[in-house]
Amino acid sequence: MVIDVDKCTGCQACTVACKVENNVPFTEPGQAAMGRVISWMELITTVEGDYPNVRIRYIPRPCMQCDDPPCIKVCPVSATYKNPEGLVAQIYPRCIGCRYCTNACPYTVKYFNWYLPEWPQDMQNYLNPDVAVRPKGVVEKCTFCVQRLQKAEEQAAVENRQLREGDYVPACVESCPSGAMYFGDLDDPNSKVAALADSARAFRLLEELGTEPKVYYLREGEWHGRVNAS
Amino acid sequence: MAESTPHDGGRDSAILQPILETGRRFYITTAVLLAIVGWAVIVWLLQLREGLGVTGLNRPVMWGIYITNFVFFIGLSHAGTLISAILRLCKAEWRRAITRCAETLTVLVLFIGMSNVLLDLGREDRVLNMIWNPHLRSPLLWDMISVTCYLTASSIYLFLPLIPDIAMIRDSTTKRRWLYRTLALGWQGTEKQWKRLERAITVMAVIVLPIAVSVHTVVSWVFGMTIQPMWHSTIFGPYFVAGAIFSGIAALIVTMAVLRWAYGLEEYFKLVHFRNLGALLLVMTLLWFYFTFSEFLTTYYGGEPSHMVVFDAKLWGPYAPLFWAMVACCFVIPFAILAPNRTRNIPGTVIASISVMIGMWLERYLIVVPTLANPRLAYPRGVYYPSWVELSLTAGCFAGFILLYALFSKVFPIISVWEIREGRTQGVDEAMERIKGYLPGAEKLSPV
């Protein structure tokens, strides 16, 4: 995944799309104030400088799907693991809720079900049937909408072909109105994401920790680059 | 060999008194403790039904006082093995009165420590997944293995020296006959049995030492193996072991003082025991300061931003009152009391020990919470206040421990009777021989 920070307007459509797609429960205001919101895709906001020279930065933060994830090493029951596609997956029925993985993740992308998740009656019928509703007391996190990947793979198998670019994108990427997010196969040198990840603007969060995140960001400054070039 | 015949003319009757007679004071204490434990059980059932939402935990502070208690209680357990096994192996004669109460401390406090992990789990019902689906790369799994080994080894190590005493009670009273008869394992006090027992005790003392060291090393690795700021530290292993021994000795001193007062054991827990343990506590005080100082100086000097955020939060930020209270409780107060000869007496060591226990609990808290509250990315900083549920369960843990200890001391002699007697009959001569052996020309010295 590549996220162009220059194009992000901070609208949080990705956050909402993610919640709907993945059956993420609502949080009461009191609980939210305690820091118990579950938001697999979270917008990190930083404010820099003093008035009047203030600058706000937005970083949409899904799970980094690290190639060397610190979270899976520490799980005592192998309830979080790297699946064959390279996604960091979570086995809800096995998780014992020790929250060691949430604490070991340097990006703090993991969430815990403090209570049994509940939806208003009207919403019950709109839950995504492809995504398991989590029980209380287990850890959950962004899966890059793995259920969409499974569907796309099945479709490709029916049509007797390989997975193509664009067959599968996560809900956040699909919903971004400013087109700030790109999704594809980083291993394929001809893919758009591979080209973007190679750009001079590309960076990864806390790269120095050696976690090898699979989410690339493009730093702000495309505009300046263009001015200088012309 | 020491006698295991019915107790002689009541010379050590003070030790057996609590087993034979129970006063009103005991019933009142037990009732109060039971009430606290009962309340904690009700609260625990509530937590089981509702989920961990009833705690004050949140994101990012996913671990709070349950984990603090876990580390703290496992730490206390280090007194038993250390004091008892090391002193036994060194043939330190002053150990005789205190080994049993130290070993008991270890075993009972381990149960409390382990139950705190259980309290912390989101899914207690799935705890056996650690056996069905073990993931050997997880420090938490190492922890389970290590603590289980420790509990097993220290239980055996507590039980072995109990056998002759149990047999003595079996032979001298009719109370709880079936219990003592079963647990005495047919002990008759024959020469062969004594030989085997002493050998077994020595072997267990040797085995239990490395396990004890491993336990708190592995507990520290739960934090140290992650890459989180101020957790990822190479000195955490020895730092935790030293801290564990430190708080363990303090717990032992307090336990001895309570037993001495409650059961009138002034004859056995003498000033010299408190002074010797106080000297050990003083050494550990200095060691604690050394470790803490090097840990914080290294972080400060390196000045890595993500580490400094946690560092600043501890020293001058929201955790500063707790941090400086910890420094006072773990270093300033015990050092001021224990260093001068004059104040290293029974009240002095007890006050220093209580201070150390408070300080060490704070230290554990300050390791767990500030790191979690300050994640690396620019999230809002975490705030954590333990809820009434967590406080109730913590109170239940402390009360539960005291209750278990009180009950144990009513069923088994809390001072090893045969070891005291052995000290009288053989220890004195043996020690004399040993001292002579240290001196040049020992063979020429006449017996005293």
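Please read all numbers here as calculations on a predicted model, not as lab measurements.

Draft legend 1. Quick look at the overall build of chain A. Scanning chain A from terminus to terminus reveals 9 helices and 10 strands. Per-residue burial for chain A yields a buried fraction of 38% across its 230 residues. A separation of at least 24 residues holds for 58% of the contacts in chain A among residues at least 6 apart in sequence.

Draft legend 2. Representation of the overall build of chain B in the model. Helices and strands together make up the secondary structure of chain B, namely 17 helices and 0 strands. Rg of the C-alpha trace for chain B: 23 Å, near the compact-globule value of 22 Å for 448 residues, within the 12% margin. In terms of overall dimensions, chain B has C-alpha extents of about 75 × 55 × 40 Å along its principal axes. Counting only residues that meet the buried cut, chain B has 46% of its 448 residues in that class. Contacts in chain B between residues far apart in sequence, at least 24 positions, make up 81% of those at least 6 positions apart.

Draft legend 3. Spatial organisation of the interface of chain B and chain A. Counting residues at the interface gives 34 residues for chain B and 36 residues for chain A. If you list the elements that add at least two residues to the side of chain B that touches chain A, you get helix 6 (129-132) and helix 7 (139-159) of chain B. The biggest single contributor to the side of chain B that touches chain A is helix 7 of chain B, with 3 residues. The residue makeup of the side of chain B that touches chain A, split by class, is 16 nonpolar, 11 polar and 7 charged.

Draft legend 4. Geometry of the environment of H78 of chain B. All names here are of chain B. Mapped onto the elements of the fold, H78 is located in helix 4 (residues 78-89). Using a count of 30 C-beta atoms within 10 Å as the deciding quantity, one classes H78 as buried. A sequence separation of 41 residues divides H78 from V37, and the C-alpha atoms of the two residues are 24 Å apart. Not counting chain neighbours up to four residues away, the residues in contact with H78 comprise A212, H216, A244, I245 and G248.

Draft legend 5. Representation of the sheet that holds strand 1 (residues 2-4) of chain A within the structure. Residues and elements named next belong to chain A. Taken in spatial order, the 4 strands make up an open sheet running 8-1-10-9, and their pairing is mixed. The outermost strands of the open sheet, each flanked by one partner alone, are strand 8 (181-182) and strand 9 (202-203). Looking at chain direction, strand 1 and strand 10 (residues 216-218) are connected through 3 bridges and run parallel. By the bridge assignment for strand 10, I3 is matched with Y217.

Draft legend 6. Geometry of unusual backbone geometry. The step from Y51 of chain A to P52 of chain A runs through a cis peptide bond, and the omega angle for that step is 5°. Residue placement: P52 of chain A occurs in the loop between strand 2 (42-48) and strand 3 (55-61). The linkage connecting R59 of chain B with the following residue, P60 of chain B, adopts the cis geometry, with an omega of 15°. In this structure, P60 of chain B sits in the loop between helix 2 (24-50) and helix 3 (65-76). A positive phi angle, close to 55°, is found at S78 of chain A, a residue other than glycine. Among the secondary structure elements, S78 of chain A is positioned in the loop between helix 3 (70-74) and strand 4 (80-82). Classification of S78 of chain A as partly exposed rests on a count of 17 C-beta atoms within 10 Å.

Draft legend 7. Region of interest: helix 8 (residues 163-172) of chain B. Residues and elements named next belong to chain B. Of all 10 residues in helix 8, 8 are buried, a share of seventy percent or more. Along helix 8, the residues classified as buried are I163, P164, D165, I166, A167, M168, I169 and R170. At its buried positions, helix 8 is contacted by helix 1 (13-20), helix 9 (177-183), helix 10 (191-224) and helix 17 (417-438).

Draft legend 8. How the structure looks around the pairing of strand 2 of chain A. Pairing of strand 2 of chain A with strand 3 of chain A involves 7 bridges; the strand directions are antiparallel. Residue E42 of chain A lies in a different strand from strand 3 of chain A, and its bridge partner there is R61 of chain A.

Draft legend 9. Molecular detail of the nonpolar core. Counting 177 residues, the largest nonpolar core has M181 of chain A together with I249, L252 and L281 of chain B as its most contacted members. In contact with I249 of chain B, other than residues within four places in its own chain, are A79, L277, L280, L281 and M284 of chain B.

Draft legend 10. Structural view of the packing of helix 12 (residues 271-302) of chain B against helix 14 (residues 320-338) of chain B. All names here are of chain B. With their axes 10 Å apart at the nearest point, helix 12 and helix 14 run at an angle of 145° to one another. Helix 14 is crossed by helix 12, and the crossing has left-handed handedness. On the side of helix 12, the interface is formed by G278, L281, L282, T285, W288 and F289, while helix 14 contributes C330, F331, P334, F335 and L338. Considered class by class, the residues forming the contact of helix 12 with helix 14 number 9 nonpolar, 2 polar and no charged.

Draft legend 11. Region of interest: the environment of G248 of chain B. Residues and elements named next belong to chain B. Within the secondary structure, G248 sits in helix 11 (residues 236-263). Take G248: there are 31 C-beta atoms within 10 Å of it, and that puts it in the buried class. Distance in space between the C-alpha atoms of G248 and S77 is 6.1 Å, their sequence separation being 171 residues. Apart from residues lying up to four places away in sequence, G248 is in contact with G75, L76, S77, H78, A79 and L82.

Draft legend 12. Spatial organisation of the confidence of the model for chain B. Mean pLDDT over chain B works out to 91, with 96% of the residues at or above the 70 mark. The ipTM, which scores confidence in the relative placement of chains, is 0.90 for this predicted complex, and the corresponding pTM is 0.93.

Draft legend 13. Spotlight on the environment of R100 of chain B. Residue and element names in this part refer to chain B. Structurally, R100 can be placed in helix 5 (residues 99-120). Spatially, the C-alpha atoms of R100 and G56 are 39 Å apart, while their sequence positions differ by 44 residues. Apart from the residues within four sequence positions on either side, R100 is in contact with P161, I414, I415 and S416.

Reading the values: rules and limits
- Residues numbered from 1 in each chain as written.
- Chains lettered and ligands numbered in written order.
- Predicted model: local features only at pLDDT ≥ 70, side-chain atom pairs only at ≥ 80, totals over all residues.
- Helix = DSSP H or I, 4+ residues; strand = E, 2+ residues; numbered from the N terminus.
- Buried ≥ 20, exposed ≤ 12 C-beta atoms within 10 Å, placed from the backbone.
- Contact = placed C-beta atoms within 7 Å.
- Rg over C-alpha atoms; globule rule 2.2 N^0.38 Å.
- Nonpolar A, V, L, I, M, F, W, Y, C, P; charged D, E, K, R; others polar.
- Pairing = 2+ DSSP bridges.
- Core = buried A, V, L, I, M, F, W, Y, C linked by C-beta atoms within 7 Å.
- Axes fitted to C-alpha atoms, helices over the stretch in contact; angles between N-to-C directions.
- Left-handed = near helix turned anticlockwise from the far one by under 90°.
- pLDDT = per-residue confidence, 0-100.

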